[in-house]
Amino acid sequence: MGRRWLVTGCSSGLGRAVAAAAAAAGDSVLATARKPAALHDLQRRYPDRIATAALDVCDPGQCEAAVAHAVDRLGGVDVLVNNAGTGLFGAVEEVSDQELREQLETLAIGPWRLARLVLPLMRSQGSGHIVNVSSVVGRMALPGLAAYVTAKHALEGMSQALAAEVGGLGIRVTVLEPGQFASRYGSSLAEARSRVAAYDPVTGPVREALRGMEGNADLGDPDRFAEVVLRIVAADRTPLRVPVGPDAYAYLGASDEAHREDFETARTFTLGAS
Ligand SMILES: NC(=O)c1ccc[n+]([C@@H]2O[C@H](COP(=O)([O-])OP(=O)(O)OC[C@H]3O[C@@H](n4cnc5c(N)ncnc54)[C@H](OP(=O)(O)O)[C@@H]3O)[C@@H](O)[C@H]2O)c1
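Cut-offs used in this document
- Residues numbered from 1 in each chain as written.
- Predicted model: local features only at pLDDT ≥ 70, side-chain atom pairs only at ≥ 80, totals over all residues.
- Heavy atoms only, no water.
- UniProt positions renumbered as here; feature names shortened; annotations may be inferred.
- Helix = DSSP H or I, 4+ residues; strand = E, 2+ residues; numbered from the N terminus.
- pLDDT = per-residue confidence, 0-100.
- Axes fitted to C-alpha atoms, helices over the stretch in contact; angles between N-to-C directions.
- Parallel < 35°, antiparallel > 145°, perpendicular 65-115°, else oblique.
- Left-handed = near helix turned anticlockwise from the far one by under 90°.
- Contact = heavy atoms within 4.5 Å.
- Nonpolar A, V, L, I, M, F, W, Y, C, P; charged D, E, K, R; others polar.
- Core = buried A, V, L, I, M, F, W, Y, C linked by side-chain atoms within 4.5 Å.
- Buried < 20%, exposed > 50% of the residue type's maximum accessible area, 1.4 Å probe, protein only.
- Salt bridge = Lys/Arg side-chain N within 4 Å of Asp/Glu carboxyl O.
- Near = heavy atom within 4 Å.
- Polar contact = N/O pair within 3.5 Å; in protein donor to acceptor, adjacent residues only side chain to side chain.
- Areas by Shrake-Rupley, 256 points an atom, 1.4 Å probe, with all protein chains shown as cover.

- Looking at an unreviewed UniProt entry, the chain carries the name Short-chain dehydrogenase, with the source organism given as Actinacidiphila paucisporea.
- Heading Sequence similarities (unreviewed entry) of the UniProt record for the chain holds this comment: "Belongs to the short-chain dehydrogenases/reductases (SDR) family."

## Quick word on the UniProt feature "domain: Ketoreductase" (unreviewed entry) in the chain
In step 1: Under the feature "domain: Ketoreductase" (unreviewed entry), the UniProt entry names residues 3-179.
In step 2: Across residues 3-179, the secondary structure splits into 47% helix and 20% strand, with the terminal C-alpha atoms separated by 27 Å.

## Considering the confidence of the model for the chain
In step 1: Looking at the chain, the pLDDT average stands at 96 and 99% of residues meet or exceed 70.
In step 2: Element-level mean pLDDT values for the chain span from 94 in helix α6 (residues 200-210) up to 99 in strand β4 (residues 79-82).

## What about the packing of helix α4 (residues 97-125) against helix α5 (residues 146-166)?
In step 1: Where α4 meets α5, the closest approach of the two axes is 7 Å, and the angle between their N-to-C directions is 20 degrees. Regarding the angle of α4 to α5, the classification is roughly parallel. Viewed along their axes, α4 and α5 form a crossing whose handedness is right-handed. Within the contact between the two elements, α4 uses Leu100, Gln103, Leu104, Leu107, Ala108, Pro111, Trp112, Ala115 and Leu119 and α5 uses Ala147, Tyr148, Thr150, Ala151, Lys152, Ala154, Leu155, Met158, Leu162 and Val166.
In step 2: Here the residues of the contact of α4 with α5 sort into 16 nonpolar, two polar and one charged.

## Here we look at the nonpolar core
In step 1: Core analysis: the biggest nonpolar cluster contains 30 residues, and Trp5, Val18, Val29, Val81, Leu176 and Phe225 have the highest contact counts within it.
In step 2: Listed by contribution, the elements that provide at least two residues to this core are β1 (4-7), α1 (13-24), β2 (28-33), β4, β6 (128-133), α7 (222-234) and β9 (241-244).
In step 3: Not counting chain neighbours up to four residues away, the residues in contact with Leu176 comprise Val131, Asn132, Val133, Ser134, Ser135, Phe225, Val229, Ile232, Val242 and Val244.
In step 4: With 25 residues, the next largest nonpolar core counts Val57, Val77, Ala115 and Met158 among its residues.

## Regarding α6
In step 1: Within α6, the full set of buried residues consists of Thr203, Gly204, Val206, Arg207 and Leu210.
In step 2: At its buried positions, α6 is contacted by β5 (88-89) and β8 (190-191).
In step 3: Following α6 by one or two positions, Gly212 has its phi on the positive side, about 70 degrees.

## Looking at the pattern of salt bridges
Two side chains of opposite charge can pair, provided their charged atoms sit close to one another.
In step 1: Applying the stated criterion across every chain, the model contains 15 salt bridges.
In step 2: Each of the salt bridges in this network shares a partner with another, and the network as a whole consists of Arg139, Glu156, Glu177, Arg241 and Asp256.

## Digging into the site of the ligand
In step 1: Lining the immediate environment of the ligand, one finds 30 residues, of which Ser11, Asn83, Tyr148, Phe181 and Ser183 sit closest.
In step 2: Take Ser12: an N or O atom from its side chain is 2.8 Å from an oxygen atom of the ligand.
In step 3: Within the side chain of Asp56, an N or O atom sits 3.0 Å from a nitrogen atom of the ligand.
In step 4: In the complex, 94% of the free accessible area of the ligand, which totals 890 Å², lies under the protein chains.
In step 5: For the shell around the ligand, the secondary-structure elements that each account for two or more residues are α1 and α5.
In step 6: Grouping the amino acids of the shell around the ligand by side-chain chemistry returns 12 nonpolar, 14 polar and four charged.

As structure tokens, then:
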């Protein structure tokens, strides 16, 4: 029997590519989106393998209904892909409490909520895989993406705790850390309502780099991203964190080295403390 997938944020980009690739591989997929009309063509391409449902991950009732729908239509969930997400551009001083809450709700609380809903199913099956789509900035930071960085770090922390909790129950957790892939991410990036010009020199270049990602042939191809996801799900063992794309390896390699240097420098301040 093929695997049964529940994928969030399938209207475009990485989520859409993952849903299509899983269906093309013969698996069954509940593809979800805030506006399910955006999924009709996917369903027409794979009428026997793709079911669809409305799902805003910030809506607890829709999360419950989507998981119930997956049980009803597919018979269960083997793979949950927490992919849905949007970014907010703004420095710490520019982002309001409400804007921060919205990023946390979409990128960390929604995935947590869905994990909580599928875990009883996976525990009773004695198997399952939760794939959380983070970002390179789930493990490093860029100026101007403060709330997004914070929410992706929260998702990675939750994933690491969850992996330690469910490792003995036959359930796997993987955090994907994509570099830049050609999707709508950059064009749908919202701006914090407040703007403090003093930050423009450091945040401006990051903003520029994020615009115009969709269809950019120099960036990663969402279909290649989906191939990586399928390989990871099919593998017997995988690392908790998986950078995706050559740029992700370059960013995270440099960031890990900087952390190591900080760690060693910090020793000179703290050795002798007890
Ligand atoms: N592309 C990259 O370079 C990149 C890099 C690192 C990480 N990521 C992560 O990859 C994931 C997918 O992004 P993408 O690049 O594929 O961008 P995308 O093309 O903009 O797709 C994002 C998807 O998330 C959906 N979404 C947003 N808020 C939602 C919510 N509250 N509930 C349900 N769905 C929601 C969007 O649906 P609507 O159509 O309803 O807006 C859309 O389907 C995100 O988590 C993003 O942070 C992307």
